[in-house]
Amino acid sequence: DLEALLDAVRRLEAPLVYLANPDNPMGTWHDAARTRRFVESLPGNVVLALDEAYIEFAPPGTDWPMEPGDPRVLRLRTFSKAHGLAGARIGYCVGHRDLMTGLNKIRNHFGVSRIAQVGALASLRNPEFVARVVTEVAAGREEYAQLAASLDLAALPSATNFVAIDVGGGDRARALLEELEARGVFVRMPPVPPLDRCIRITVGTAAERAALAAILPEALAASDWRLTDRAWTKLPQSRIGTREMAHPSWTAIISRDEDWWIGWIAEVPGANAQERTREELLDTLSEILREALEMNRQDAIAHASERYEEVALSL
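The rules behind the values
- Residues numbered from 1 in each chain as written.
- Predicted model: local features only at pLDDT ≥ 70, side-chain atom pairs only at ≥ 80, totals over all residues.
- Heavy atoms only, no water.
- Helix = DSSP H or I, 4+ residues; strand = E, 2+ residues; numbered from the N terminus.
- Buried < 20%, exposed > 50% of the residue type's maximum accessible area, 1.4 Å probe, protein only.
- Contact = heavy atoms within 4.5 Å.
- Areas by Shrake-Rupley, 256 points an atom, 1.4 Å probe, with all protein chains shown as cover.
- Core = buried A, V, L, I, M, F, W, Y, C linked by side-chain atoms within 4.5 Å.
- Salt bridge = Lys/Arg side-chain N within 4 Å of Asp/Glu carboxyl O.
- Pairing = 2+ DSSP bridges.
- Axes fitted to C-alpha atoms, helices over the stretch in contact; angles between N-to-C directions.
- pLDDT = per-residue confidence, 0-100.
- Polar contact = N/O pair within 3.5 Å; in protein donor to acceptor, adjacent residues only side chain to side chain.

**Some words on the overall build of the chain**
Right, on to step 1. Scanning the chain from N- to C-terminus turns up nine helices and ten strands.
Right, on to step 2. When the 315 residues of the chain are sorted by exposure, 42% land in the buried category.
Right, on to step 3. Long-range contacts, defined here as pairs at least 24 residues apart, represent 60% of the contacts in the chain between residues at least 6 apart.
Right, on to step 4. Summing over all exposed atoms, the chain offers an accessible surface of approximately 17600 Å²; the carbon and sulfur share of this is 53%.

Okay, structure coming up:
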């Protein structure tokens with residue numbers, strides 16, 4: 001929100017303002033015209049540190065020509081993203097001579113190795129490689145958007161090499177991260193509300209994306225079940241009930257008896273639905289679980305599975 005950011009700069013009389021465009025961790029972006037209007041609106045004594053780490057992935061019209069004669073802007077870029085040199089730890093800054101003189105007085109003078117510089121120069125001479133990376137990442141972002149939609153999740157439009165996916169809430173996002181990590185998939189999430197309702201997934205190789213497509217539905221179902229199980233741990237024994245899930249059309253049907261429980265996540269019309277089908281299905285599922293309570297654990301699972309198939313086939 002550039003207007004809110006500008007208001008904060010004026011209100012606090014801040015001498016320095018930081019803006020990531022495209023943004024990390026949400027992937028959103030402002031076009032060049034809007035960014036330049038923001039610069040023109042800043043008070044005369046304010047310097048903008050413009051972080052453009054993901055600029056190579058942004059759509060046309062986001063980038064704008066370097067203007068090192070402008071004393072109001074520092075342009076920060078990196079070789080860690082589209083250039084694939086994250087391990088080399090190298091980037092660069094473009095700005096007015098006076099600003100750069102000031103930065104040179106305080107920067108770490110030995111922070112960039114000779115090998116990193118050689119690698120960065122080689123990458124600058126190979127724009128075809130960067131173009132291939134950008135094209136592959138764009139294809140991956142589209143795959144992630146389709147995957148999210150298939151799971152009733154919302155993928156935010158992204159101009160970076162990652163996609164932020166809104167899963168509906170912070171607790172659900174944290175549970176999903178744990179389930180993904182247990183399956184060997186590492187993703188990240190913003191640490192504070194309201195952004196923590198999202199997970200941030202980097203676009204990997206085609207093989208990695210295929211693995212994610214197979215694992216994410218399983219991890220999401222497991223994380224939803226965990227949230228439901230936590231909510232029912234304090235209920236009386238032999239209690240049958242339902243709990244609405246974060247997924248808009250899922251309901252958890254659970255029964256507990258002494259030291260074990262049986263249940264499933266069923267695709268049932270949500271709480272706001274008025275369909276008669278919802279109540280009929282919930283009544284039938286609850287009846288199945290009551291029958292299961294009269295059996296031992298193994299027989300109860302087989303009975304519930306068999307009856308559930310009958311219910312599903314009758315719908």
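**Digging into the nonpolar core**
It is characteristic of soluble globular proteins that their nonpolar side chains tend to be buried jointly.
Right, on to step 1. Grouped together as the largest cluster of nonpolar side chains are 30 residues, with contacts concentrated most on Ile165, Leu176, Leu180 and Ile199.
Right, on to step 2. Excluding residues that lie within four positions of it along the chain, Ile199 makes contacts with Val163, Ala164, Ile165, Val167, Ala173, Leu176, Leu177, Arg188 and Met189.
Right, on to step 3. If you look at the next biggest cluster of nonpolar residues, it comprises 14 residues, including Leu6, Phe38, Val46 and Trp64.

**A short note on the pattern of salt bridges**
When their charged atoms lie close together, side chains carrying opposite charge are able to pair.
Right, on to step 1. Within the structure shown, the criterion is met by 16 salt bridges.
Right, on to step 2. For Arg72, the salt bridge identified is with Asp70, shortest N-O distance 3.0 Å.
Right, on to step 3. Asp224 serves as the salt-bridge partner of Arg172, at 2.8 Å between the closest nitrogen and oxygen. Within this pair, whereas Arg172 is found in helix H6 (residues 170-182), its partner Asp224 is found in helix H7 (residues 206-232), the two being separated by 52 residues in sequence. Here the two residues Arg172 and Asp224 agree in accessibility, since each one is buried.

**Side note on the sheet that holds strand E1 (residues 16-20)**
Right, on to step 1. If you walk across this open sheet you meet the four strands as E1-E2-E3-E4, and the pairing is mixed. At either margin of the open sheet sits one strand with a lone partner, and together these are E1 and strand E4 (91-94). Adjacent strand axes in the sheet meet at a mean angle of 20°, parallel and antiparallel pairs treated alike.
Right, on to step 2. Strand direction decides the pairing type here: E1 and strand E2 (residues 47-51), joined by five bridges, are parallel. Within E2, the position partnered with Ala20 by the bridge is Asp51.

**What to know about the confidence of the model for the chain**
Parts of the model with low pLDDT should not have their predicted coordinates read in detail.
Right, on to step 1. Per-residue pLDDT for the chain has a mean of 83; in total, 76% of the residues score no lower than 70.
Right, on to step 2. Here residues 231-262 is modelled with pLDDT under 50, and outside its nearest four sequence neighbours on either side it reaches 104 contacts, counting other chains as well.

**A look at the side chain of Thr160**
Right, on to step 1. Mapped onto the elements, Thr160 comes out in the loop between strand E5 (154-155) and strand E6 (162-166).
Right, on to step 2. Since its relative accessible area comes to 0%, Thr160 is described here as buried.
Right, on to step 3. Within the structure, the side chain of Thr160 is placed 3.0 Å from the backbone oxygen of Phe162, a separation counted as a polar contact.

**A word on the sheet that holds E6**
Right, on to step 1. Spatially, E5-E6-E7 is the arrangement adopted by the three strands of the open sheet, whose pairing is antiparallel. Both outer strands of the open sheet, E5 and strand E7 (198-202), are each paired with one neighbouring strand and no more.
Right, on to step 2. As paired strands, E6 and E7 are joined by five bridges and run antiparallel to one another. In the sheet register, Asp166 faces E7, and the bridge partner there is Cys198.
Right, on to step 3. Contacts from helix H5 (residues 127-150) reach E5, E6 and E7 within the one sheet, and its direction differs from that of E6 by about 15°.

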